[in-house]
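Observations on the three-dimensional arrangement
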Amino acid sequence: MRHHFTALVRNLVAGARLASFLPVSRLAFRIDLAQLLLLLVVSALIDLGVDWYRYGYGTDGYFSWFGLGNEFFGAGILLFTAAVLALAFGQRPFALALPVLLLSGFPVLQILRVVPSAAFDATPAWEIYWAVFEAVMILWAFALAARSVGLALAPSEPGRWWRALAGALALTAPMWFAPVIAPDDSWWNEPSAEGADPRFPNPASEPVLSAQQHLLEEALSDLGDERPDVTDLYFVGFAGDAREDVFRKDVLAAQRVMDERWGTEGRSLVLINNPRTLLEFPAATVTNLREALNEIGAAIDVEQDVVMVYLASHGSRRHVLEVALPPLELAPLTAPALRTLLDGAGIKWRIVVVSACYSGGFIEALTDDNTLILTASAADRASFGCGHRSDVTFFGGALFQHGLAHYDSLLAAFEAARERVAEREKAGAFTPPSDPRIFVGPAMADKLRELDRGSGPRRSGRSV
């Protein structure tokens, strides 16, 4: 066994020279069936590690044995192509030599392919560079295949390098048609964007639907009553899109800040679309939001208390907030619909915070004298910070964890958040900038002073 592993190391070193276009001879390789199997295992382990980094590390991805199907398919295509080329070239030893040579050099490409994504954020500004990098990797794979075929052929073979190019074309051709016929599974998978996550209960199952009604009733019954002669602040978080876990994290982080720093503990609730919280929190649906606002509207002193609604999800250019919990079909949320819900609940003093792309489009429909509106972006701009690796959105983290956690003024917190978002976008080359927006109703400007002067361990309007 030790002999086989020594030979494996020798093959990998020689393969690195092969992939790097350094001088190397066929005699530098050890070619046998044991090496073929070991190199296939090495390739599979590297793929597993790369998939873990892309879909598992720092995300909610999960391991899947279906990734083994891709490995068997790739190995089968390689061995089949090598056998066909061996017959075409009239060299039977070629059928074993070519896979060993190619697999010895391939780890260099497998590892280098993931390096840029580990070193740089995938921002829109880098899109052209990613495209160029992918093209370079394809050409490199072709060149490695050509050199492997040329080295595997007998040195005296006539037209050796013309045959090497033909062999390289045969080896790389599956890169174009494999996605149509090959398994499309990796070793690590992201939560499903099209259907229910297999790790968690199906949102459409009867136990979940039954539990959801109980969770909403429980959350509403736990809301504290308003206090006489005190301006109470109520908080409602709404994480609309279950397909990315960042919205769940974002809303829960915002609730913690509001409870600990702005006195909403016992007067806050969250509605979350996420497969992992189906039995823990009520779902973020327009119906549940209506019920929550109606209950709060009945509990507050309408002339005195303030209600903050925080919406975190994907937004569209048509200024529609995504509400998704696959496989359920849920109604999206628009600014006019939100205003109707607030009006119907009889809530006079309103703070609406929207962390979504194009969220500035919510301002016009919600504007009135008694409303404060904070949005992550202008009406024609995207916002940033979504994705499976993110703990909070750029705007949500900046406003709540950086701003409201350290300032005793809502307006000062927003200004600090806007500056922080601009800094992060500039540092990460996110363009165009999101340009967070604010609207303060004339009457709400005075009302905010009651909240800014509220009791609690909040700090002065300076960053700490």
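Let me begin by describing the structure that accompanies this report.

Focus: the overall build of the protein chain
- When its secondary structure is counted, the protein chain shows 15 helices and 10 strands.
- Across the 464 residues in the protein chain, those meeting the buried criterion constitute 50%.
- Summarising the internal contacts of the protein chain: among those between residues at least 6 apart in sequence, 74% fall at separations of at least 24.
- Total accessible area computed for the protein chain in this model is approximately 21900 Å², and 59% of it derives from carbon and sulfur atoms.

Considering the packing of helix H3 (residues 67-89) against helix H6 (residues 160-172)
- Where H3 meets H6, the closest approach of the two axes is 10 Å, and the angle between their N-to-C directions is 150°. Here H6 runs roughly antiparallel to H3, going by the angle between their axes. Crossing geometry of H3 relative to H6 is assigned as right-handed. Across the interface between the two elements, Leu 78, Thr 81, Leu 85 and Phe 89 of H3 pack against Arg 163, Gly 167, Ala 170 and Leu 171 of H6.
- Across the contact of H3 with H6, the residue classes break down as 5 nonpolar, 2 polar and 1 charged.

What to know about H6
- Compared with an ideal rise of 1.5 Å per residue, which puts 13 residues at 18 Å, H6 spans 18 Å between its outermost C-alpha atoms and is within 8% of the ideal.
- Residues Arg 160, Ala 164, Gly 167, Ala 168, Leu 171 and Thr 172 constitute the buried set of H6. Burial along H6 is one-sided: seen end-on, the buried residues are contained in an arc of 120°. Exposed residues on H6 whose side chains face more than 90 degrees from its buried face are Trp 162 and Leu 169.

Points about unusual backbone geometry
- Following Pro 326, the chain continues into Pro 327 via a peptide bond in cis, with omega recorded as 5°.
- Locating Pro 327 in the fold gives a position in the loop between strand S6 (320-321) and strand S7 (333-334).
- Between Thr 431 and the following residue, Pro 432, the backbone shows a cis peptide bond with an omega angle of -10°.
- Phi at Phe 21 takes a positive value of approximately 60°, unusual for a residue other than glycine.
- Checked against the element boundaries, Phe 21 lands in the loop between helix H1 (2-19) and helix H2 (33-56).
- A positive phi is found at Asp 229, a non-glycine position, where the angle reads about 65°.

Section: the side chain of Glu 425
- Among the secondary structure elements, Glu 425 is positioned in helix H14 (residues 410-427).
- There is a polar contact of 2.5 Å between the side chain of Glu 425 and the side chain of Ser 434.
- Those residues within four positions of Glu 425 in sequence are excluded, and the remaining contacts are Phe 384, Phe 394, Phe 430, Pro 433 and Ser 434.

A short note on the pairing of strand S5 (residues 306-312)
- When you tally the buried positions in S5, you get 7 out of 7 residues, the bulk of the element.
- Alternating positions in S5 separate into two faces, Val 306, Met 308, Tyr 310 and Ala 312 on one and Val 307, Val 309 and Leu 311 on the other, with burial throughout.
- In this sheet, S5 lies alongside strand S3 (residues 233-239) in parallel orientation, the contact comprising 7 bridges. Bridge assignment links Phe 235 to a residue of S5, and that residue is Met 308.
- With 7 bridges connecting them, S5 and strand S8 (residues 349-355) associate as parallel partners. Looking across to S8, one finds that Val 309 is bridged to Val 352.

Details of the nonpolar core
- By size, the foremost hydrophobic cluster in this structure holds 40 residues, and its most contacted members are Met 308, Ile 351, Val 353, Leu 399, Phe 400, Leu 404 and Leu 410.
- Broken down by element, the residue count for this core peaks at 7 residues, all from helix H9 (residues 246-261).
- The residues contacting Leu 410, other than those within four sequence positions of it, are Trp 262, Met 308, Ile 351, Leu 372, Leu 404, Leu 448, Leu 451 and Asp 452.
- With 39 residues, the next largest nonpolar core counts Ala 86, Met 137, Leu 144 and Ala 152 among its residues.

About the cut-offs
Residues numbered from 1 in each chain as written. Predicted model: local features only at pLDDT ≥ 70, side-chain atom pairs only at ≥ 80, totals over all residues. Heavy atoms only, no water. Helix = DSSP H or I, 4+ residues; strand = E, 2+ residues; numbered from the N terminus. Buried < 20%, exposed > 50% of the residue type's maximum accessible area, 1.4 Å probe, protein only. Contact = heavy atoms within 4.5 Å. Areas by Shrake-Rupley, 256 points an atom, 1.4 Å probe, with all protein chains shown as cover. Axes fitted to C-alpha atoms, helices over the stretch in contact; angles between N-to-C directions. Parallel < 35°, antiparallel > 145°, perpendicular 65-115°, else oblique. Left-handed = near helix turned anticlockwise from the far one by under 90°. Nonpolar A, V, L, I, M, F, W, Y, C, P; charged D, E, K, R; others polar. Expected span 1.5 Å × (residues − 1). Arc of directions from axis to C-beta. Polar contact = N/O pair within 3.5 Å; in protein donor to acceptor, adjacent residues only side chain to side chain. Pairing = 2+ DSSP bridges. Core = buried A, V, L, I, M, F, W, Y, C linked by side-chain atoms within 4.5 Å.

So far we have only geometry, and geometry alone does not tell us how the molecule works.
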